[in-house]
Amino acid sequence: MLRGVPKTVRLLAFGAFLNAVVSFTFVYLFVYLTGPRGLSVAQAGVISGIGGIGLVAGNFTGGWFGDRYGHRRMLLTGACVSGAALVTLPLLPLPALYAVLPLAQYASGVVRAANAALVAVSVPEGGRRQSFALTRFASNGGFTVGPPLGALVAARFSYDWLFLADGLGTLLFAAYAAAILPARGTTHTVPSHDPGAPGLRRELRARPAVLVLLAAIVCVDLVYRQQYSTLPVFLADHGYGTQFYGWLIAVNGGVILLLELPAAHLLRRRAPLTVVGTGLLLVGLGYAVLIPGAGAVFAVSMMVSLTLGEILYKTTATAYVADEAPAHAQGRFQSLYAGASISGQVLAPPLGGAVYSAAPALLWPLCAVLACGAGLAVLAVRRPGEPSRTLRPVRPRGARAVRFWS
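Residues numbered from 1 in each chain as written. Predicted model: local features only at pLDDT ≥ 70, side-chain atom pairs only at ≥ 80, totals over all residues. Heavy atoms only, no water.

Comments concerning the overall build of the protein chain
Check the secondary structure of the protein chain and you find 16 helices and two strands. Here the protein chain, with 406 residues, has 50% of them falling under the buried criterion. Across the protein chain, contacts joining residues at least 24 apart in sequence account for 86% of those joining residues at least 6 apart. With an accessible surface of roughly 17,900 Å², the protein chain has 68% of that area assigned to carbon and sulfur atoms. (Helix = DSSP H or I, 4+ residues; strand = E, 2+ residues; numbered from the N terminus. Buried < 20%, exposed > 50% of the residue type's maximum accessible area, 1.4 Å probe, protein only. Contact = heavy atoms within 4.5 Å. Areas by Shrake-Rupley, 256 points an atom, 1.4 Å probe, with all protein chains shown as cover.)

Pasting the structure below:
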């Protein structure tokens, strides 16, 4: 299943796993703010929301900086800034949290965008699905280990140690990335830099399917992330406690770890937009399952459908955007996708909460319609007889090496 995945991507995936293991502060941030820091729920919500905006902004802009200054450089800079901010955060007075937490989250978003761009430029067009699947597998594996480990640290020591461990782990990740990533050069070549190269808007207008896909991803991420905001409230209102919700989330992680790499391998020759559109429809179907009721069977069926949809669309969409990106704008295309794919972190809680508060019975039908509509839009934009991408060398006439790593 990992045939064709370059060594650089494997090393990046291992680094992503290690970094994800210690990235547990976001899970316990709200508890930390309302507990040891003594903030009200409203104050904690404001700080958490500002941090989420910083994370989305970092995803949207990290690739822009990477195209200009080098993706390796931006990954290292982002990891160092994020790590340093997290280490100092427990020592800061309350007013400083409003600035330092968004900075740490912004830098984390830059790292995410830079990592995706490095994977994209390390693999020839048409062979990226398995590479992105491997990095997602590694990150999900780390997140499976991280939260329980964070709970042990918080119980044995204190919540302050969570930030110290996360910050030091992020700084170690920066040192690891500096060691494994070459300082200059890549194995692929792309056209020489041309100041008159088409701008991003022109490149996107020439690729309408990418624009439709990005809009669909924003819509489905708003729906997808309801599992972290309104879903636990819905379950609690129907008599299911935190333990049941925890097991439900474990179903998501377990199915991803079991099936994502095999699915990427088996579907690698399938037309990408067909796979993505089908995945989005499965997300919509998952929420439609909740319309009749909140029984355990409905909830587990919903999570299985949602997870299968995630497996189909997330890796394939990331690789598709990378394949469609022109070489001089690879980072910016990855930033657009990275920002779209995490936009629900900011949009889902307030919008889903508002709908659930006003009309609880309306939330899941709306989610189903929105996700299915996004899936149908992606399926509709396919070109007739759309083929899957095939491997081909990227060496245009008059090309020279570009220092994506610098």
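Structural notes on the packing of aromatic side chains
If you walk through the whole model with that rule in mind, you get seven aromatic pairs. Plain terms: the ring middles of phenylalanine 157 and tryptophan 161 are 5.4 Å apart, the flat faces sit at 40° to each other, and that makes the pair tilted. Summarising the aromatic geometry, the rings of tyrosine 224 and tyrosine 228 are spaced 6.3 Å apart at their centres and angled 80° between planes, so their arrangement reads as edge-to-face. Taking relative accessible area as the criterion, tyrosine 228 reaches 43% and is therefore assigned partly exposed. Through a chain of ring-to-ring contacts, the aromatic side chains of Phe234, Tyr287 and Trp364 assemble into a single cluster. One cation-aromatic arrangement involves arginine 156 over phenylalanine 157; the distance from NZ or CZ to the ring centre is 5.2 Å. Just above the ring of tyrosine 224 sits the side chain of lysine 314; from NZ or CZ to the centre is 4.0 Å. (Phe/Tyr/Trp six-rings, centres within 6.5 Å; stacked < 30°, edge-to-face > 60°. Lys NZ or Arg CZ within 6 Å of the ring centre and 35° of its normal.)

As for the packing of helix α13 (residues 296-324) against helix α14 (residues 330-342)
Across the interface, α13 lies against α14 with an axial gap of 9 Å and an inter-helix angle of 150°. The angle between α13 and α14 falls in the class roughly antiparallel. Crossing handedness for the pair α13 and α14: right-handed. On α14, the residues that touch Tyr313, Lys314, Ala317, Thr318, Val321, Ala322 and Glu324 of α13 are Gln330, Phe333, Gln334 and Tyr337. Among the residues making up the contact of α13 with α14, the classes are represented as six nonpolar, three polar and two charged. (Axes fitted to C-alpha atoms, helices over the stretch in contact; angles between N-to-C directions. Parallel < 35°, antiparallel > 145°, perpendicular 65-115°, else oblique. Left-handed = near helix turned anticlockwise from the far one by under 90°. Nonpolar A, V, L, I, M, F, W, Y, C, P; charged D, E, K, R; others polar.)

A closer look at the pattern of salt bridges
Pairs can form between side chains of opposite charge whenever their charged atoms are close. All chains considered together, the criterion is met by seven salt bridges. Here arginine 136 makes a salt bridge to glutamate 260, at a shortest N to O gap of 2.7 Å. Note that arginine 136 is positioned in helix α6 (residues 129-156) and glutamate 260 in helix α11 (residues 242-266), a separation of 124 residues in sequence. Among the ionic pairs, glutamate 310 bridges to arginine 136, the shortest N-O distance being 3.2 Å. Within this pair, whereas glutamate 310 is found in helix α13, its partner arginine 136 is found in helix α6, the two being separated by 174 residues in sequence. In terms of burial, glutamate 310 and arginine 136 fall into one category: buried. (Salt bridge = Lys/Arg side-chain N within 4 Å of Asp/Glu carboxyl O.)

Side note on the nonpolar core
Counting 44 residues, the largest nonpolar core has Leu231 and Tyr287 as the members making the most contacts within it. Of all the secondary-structure elements, those providing two or more residues to this core are α8 (200-205), α9 (208-224), α10 (230-237), α11, α12 (272-288), α13, α14 and α16 (360-380). No other element matches the nine residues that α9 contributes to this core. The contact partners of tyrosine 287, leaving out residues within four places of it in the chain, are Val223, Tyr224, Gln226, Gln227, Met302, Leu306, Trp364, Cys367 and Ala368. Grouped together as the second largest cluster of nonpolar side chains are 29 residues, Val5, Val9, Val110 and Ala133 included. (Core = buried A, V, L, I, M, F, W, Y, C linked by side-chain atoms within 4.5 Å.)

Here we look at α14
The end-to-end C-alpha distance of α14, which contains 13 residues, comes to 18 Å, matching closely the 18 Å that a straight helix rising 1.5 Å per residue would cover. For α14, the buried fraction is high: 13 of the 13 residues fall into the buried class. (Expected span 1.5 Å × (residues − 1).)

Re a nonpolar patch on the surface
A cluster of nonpolar side chains, namely Leu258, Leu259, Val300, Val304 and Leu308, defines an oily patch on the protein surface of about 380 Å² accessible area. Looking at the nonpolar patch, the elements with two or more residues in it are α11 and α13. Along the polypeptide, leucine 258 turns up in helix α11. (Patch = residues over 30% accessible without salt bridge, like charges linked within 9 Å, V, L, I, M, F, W, Y side chains within 5 Å.)

Overview of the side chain of arginine 72
Along the chain, arginine 72 turns up in helix α4 (residues 71-88). The charged side chain of arginine 72 is buried without a salt bridge, its nearest counter-charge being aspartate 67 at 15 Å. For arginine 72, the side chain forms a polar contact with the main-chain oxygen of alanine 178, separated by 3.1 Å. Within the structure, the side chain of arginine 72 is placed 3.1 Å from the backbone oxygen of leucine 181, a separation counted as a polar contact. (Lys, Arg positive; Asp, Glu negative; His and termini not counted. Polar contact = N/O pair within 3.5 Å; in protein donor to acceptor, adjacent residues only side chain to side chain.)

Quick word on the packing of α9 against α14
Interaxial distance between α9 and α14 falls to 7 Å at its minimum, and their mutual angle equals 25°. Relative to α14, α9 is oriented roughly parallel. In contact with Val210, Leu214, Ile217, Val218 and Asp221 of α9, α14 contributes Phe333, Leu336, Tyr337, Ala340, Ser341 and Ile342.

What to know about the side chain of threonine 316
Secondary-structure assignment places threonine 316 in helix α13. Once residues lying within four places of it in the same chain are set aside, the contact partners of threonine 316 are Arg129, Pro272, Val275 and Val276.

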